[in-house]
Amino acid sequence: MPMATRLTYSDTFSEEFDEYVHSAYLDFGNKATKNWVSSYQTIVKRLKVMPESYPYVMIGKRVFRQYRGANFMHNFKLVYRYDANNDVARLIKILDMRRNPNVLVHEIKLIK
């Protein structure tokens, strides 16, 4: 059985995820919160087993880092970066795909 990929998180990822879940709870109730959490858990399980299974995300014209993205909850994308040498997937950001693409590109460029 192959070893599971190790997951790491950017500095703001956990806070951002908690904000989205809390906002879903306030706006739509407990069922929306459960949907957020179950969608996230499904993505994490798949990342641990097959980290390269999600497609690359195009971020601007000049991409210096290789980002991948997993769609969930219809309007959101979980962006991560996979380091095959160390077998580590780093969860970077949750993007709201309804927003202006230029703002999304700017937010990704700010992440270290």
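Owing to the predicted nature of the structure, the values given are computational and were not obtained by experimental measurement.

Enquirer: How would you summarise the pattern of salt bridges if you had to cite specific residues and measurements?
Expert: Under the criterion given, the structure shown has two salt bridges. One salt bridge in this structure joins Lys-93 and Glu-16, with 2.6 Å as the shortest N-O distance. Pair noted here: Lys-93 is in strand β4 (residues 88–96) and Glu-16 is in helix α1 (residues 13–28), with a separation of 77 residues, a long-range link. Of the two residues, Lys-93 and Glu-16, both sit in the buried class. Salt-bridge contacts for Asp-96 lead to Arg-98; the nearest nitrogen and oxygen are separated by 2.9 Å. A relative accessible area of 12% means that Asp-96 is categorised as buried.

Enquirer: How would you explain the pairing of strand β3 (residues 76–83) if you had to name every residue and give the values?
Expert: Summarising burial for β3: six of the eight residues are buried, a large majority. Looking at chain direction, strand β2 (residues 68–72) and β3 are connected through five bridges and run antiparallel. Looking across to β3, one finds that Asn-71 is bridged to Lys-77. In this sheet, β4 lies alongside β3 in antiparallel orientation, the contact comprising eight bridges. Residue pairing across strands places Tyr-82 opposite Ala-89, the latter belonging to β4. Hairpin remark: β3 followed by β4, antiparallel, with four residues in the connecting loop; positive phi at Asp-87, about 55°.

About the criteria used
- Going along each chain's sequence as written, the residues are numbered from 1 onward.
- In view of the model being predicted, local features appear only for residues whose pLDDT reaches at least 70, and side-chain atom pairs are presented and counted only at 80 or more, with totals across whole chains, interfaces and linings using the full set of residues.
- The side-chain quantities take in all heavy atoms of the structure and omit both hydrogens and water.
- For salt bridges, the criterion is a side-chain nitrogen of Lys or Arg within 4 Å of an Asp or Glu carboxyl oxygen.
- Helix numbering and strand numbering both begin at the N terminus, where a helix is a DSSP run of H or I of at least 4 residues and a strand a DSSP run of E of at least 2.
- To sort residues, take the accessible area from a 1.4 Å probe on protein chains only and compare it with the maximum for the residue type: under 20% means buried, over 50% means exposed, and anything in between is partly exposed.
- Two strands are counted as paired when DSSP detects at least two bridges linking them.

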